[in-house]
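Observations on the model geometry
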Amino acid sequence: MSRRQSLSLLKNLTRFTTGSKTQTRSVTYMPRPGDGKPRPVTLIPGDGIGPLVTNAVEQVMEAMHAPVYFEPFDVHGDMKSLPEGLLESIKKNKVCLKGGLKTPVGGGVSSLNVNLRKDLDLFASLVNCFNLPGLESRHENVDIVVIRENTEGEYAGLEHEVVPGVVESLKFCSERIAKYAFEYAYLNNRKKVTAVHKANIMKLADGLFLESCQEVAKKYPSIAYNEIIVDNCCMQLVARPEQFDVMVTPNLYGNLVANTAAGIAGGTGVMPGGNVGAEYAVFEQGASAGNVGKDTTEEQKNANPVALLLSSAMMLRHLQFPSFADRLETAVKRVIAEGKCRTEDLGGKSTTQEVVDAVISKLD
């Protein structure tokens, strides 16, 4: 038998054909007995476009017969505190899906988004910024994961007025975000971790952050490690984003870096993300997670549900339902690649419901 015949036979042995489609299947996922039992998920529709996009997820989950069901809570950003029973529900279910909550600007009113992360100790925020086939962007080969500290740094809210007109803000950091970033890179076969900092100016606080990253990096010799000052980082993101893989940042810088990376890769409306701690996880739109959309978007019901749908795929993997996650992600990517059904932010005229219907029609 010739070498060419041998290769042809090998290909036929590693695939199967259904009708005119050629499909490949990876090594099977073997669940434990009882893993198919439906899981409860706490649901926060939120403000503005939040109810639109969370309802989109509910419809797709129902169409897939996904083994999850939702426990909804009426939460709004202008509330003075989280409603009774919400934290108990998340602690019981371990997982939450969340729409945007409007954050009041100034006035001493605390952000419920930040409060939720603090109360559940969701210390790591993860945003995956990548090119979607069929969606034009300025750069190709972008696949960046921004891992941002969620509860420390400037967002810890450790500030007070010393005397009238003088406000003091405290900043602190620990090494657990560095540990999580390298663990994520290791478990997801990522090749490089970049620490984003401003230690040239904030020599003690950001210097401590870098020391933590350097110490953790020594435990992962197979993962490349480098450092970059945040202002140079933003310039490099705009010029050559493909050079970045996993980026680990303190809180404030991560917010800026994640939104910049999302804009480069295709827009905040298509980038998934979530927040995780040792015990709980909250999944939401990756970049601009607190964005509740424009009033016209809410009125015209043309909010983009793609980011939250992809975040829901992340949630399904987190719950160990990989085949459902794959089906959902594949369907969303097919709709984007086809290009016929897109909301206004992606250059189309489709409504949220039309995108949902298109995704459901593409489910295997």
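Look above for the structure.
Residues numbered from 1 in each chain as written. Predicted model: local features only at pLDDT ≥ 70, side-chain atom pairs only at ≥ 80, totals over all residues. Heavy atoms only, no water.

1. With respect to the overall build of the protein chain
- Summing up its helical and strand segments, the protein chain has 12 helices and 14 strands in all.
- The 364 residues of the protein chain split such that 48% are buried.
- For the protein chain, the proportion of contacts with a sequence separation of at least 24, taken over those separated by at least 6, is 74%.
- Total accessible area computed for the protein chain in this model is approximately 18,800 Å², and 53% of it derives from carbon and sulfur atoms. (Helix = DSSP H or I, 4+ residues; strand = E, 2+ residues; numbered from the N terminus. Buried < 20%, exposed > 50% of the residue type's maximum accessible area, 1.4 Å probe, protein only. Contact = heavy atoms within 4.5 Å. Areas by Shrake-Rupley, 256 points an atom, 1.4 Å probe, with all protein chains shown as cover.)

2. Some details on the packing of aromatic side chains
- Within this structure, the stated rule accounts for 4 aromatic pairs.
- Geometrically, the ring pair formed by Phe123 and Tyr180 is edge-to-face, given 6.3 Å between the ring centres and 85° between the ring planes. Remark: Tyr180 occurs in helix α5 (residues 176-187) and Phe123 occurs in the loop between α4 (112-119) and β6 (124-130); sequence separation between them is 57 residues.
- Here the aromatic rings of Phe182 and Tyr225 are separated by 5.9 Å at their centres, their planes lie at 45°, and the arrangement is tilted. With a gap of 43 residues between them, Phe182 in helix α5 and Tyr225 in strand β11 (residues 224-229) connect regions that are remote in the sequence.
- Assessed through its relative accessible area of 0%, Phe182 is described here as buried.
- One aromatic cluster is present, formed by Phe182, Tyr186, Tyr220 and Tyr225 through successive ring pairs. (Phe/Tyr/Trp six-rings, centres within 6.5 Å; stacked < 30°, edge-to-face > 60°.)

3. Digging into α4
- Of all 8 residues that make up α4, 6 are buried, and the element is covered over most of its length.
- Looking at α4, one finds that the buried residues are Leu112, Asn113, Val114, Asn115, Leu116 and Arg117.
- Tucked inside the fold, the buried residues of α4 contact β3 (39-44), α3 (86-93), β5 (95-98), β7 (143-149), β13 (272-276) and β14 (281-285).
- Capping the start of α4, Ser111 holds a side-chain oxygen 3.2 Å from the backbone nitrogen of Asn113, two or three residues further along.
- Of the residues trailing α4, Asp121 is marked for its positive phi of about 55°. (Polar contact = N/O pair within 3.5 Å; in protein donor to acceptor, adjacent residues only side chain to side chain.)

4. Here's the deal with a nonpolar patch on the surface
- Taken together, the side chains of Val162, Val163 and Val166 define a hydrophobic patch exposed on the protein surface, amounting to about 220 Å² of accessible area.
- Following the sequence through the fold, Val162 ends up in strand β8 (residues 159-163). (Patch = residues over 30% accessible without salt bridge, like charges linked within 9 Å, V, L, I, M, F, W, Y side chains within 5 Å. Salt bridge = Lys/Arg side-chain N within 4 Å of Asp/Glu carboxyl O.)

5. As for the sheet that holds β13
- If you walk across this open sheet you meet the 10 strands as β4-β3-β5-β14-β13-β6-β7-β12-β10-β11, and the pairing is mixed. With one partner strand each, in any of the chains shown, β4 (68-72) and β11 form the two edges of the open sheet. Each strand axis lies, on average, 25° off the axis of its neighbour in the sheet, ignoring direction.
- Sheet topology note: the strand β10 (residues 192-197)/β11 ladder contains 6 bridges and is parallel. Bridged to Val196 within β11 is Ile228.
- On the sheet, helix α2 (residues 50-64) packs against β3, β4 and β5 and is oriented at approximately 150° with respect to β4.
- Contacts from α3 reach β3, β4 and β5 within the one sheet, and its direction differs from that of β3 by about 150°. (Pairing = 2+ DSSP bridges. Axes fitted to C-alpha atoms, helices over the stretch in contact; angles between N-to-C directions.)

6. Looking at the nonpolar core
- Among the nonpolar cores identified, the biggest contains 90 residues, and Met61 and Leu328 are the most heavily contacted of them.
- Leave out the neighbours within four places in its chain, and Met61 touches Ala66, Val68, Phe70, Ser312, Met315, Leu316 and Leu328.
- Counting 14 residues, the second largest nonpolar core, distinct from the first, contains Leu82, Leu86, Leu122 and Val282. (Core = buried A, V, L, I, M, F, W, Y, C linked by side-chain atoms within 4.5 Å.)

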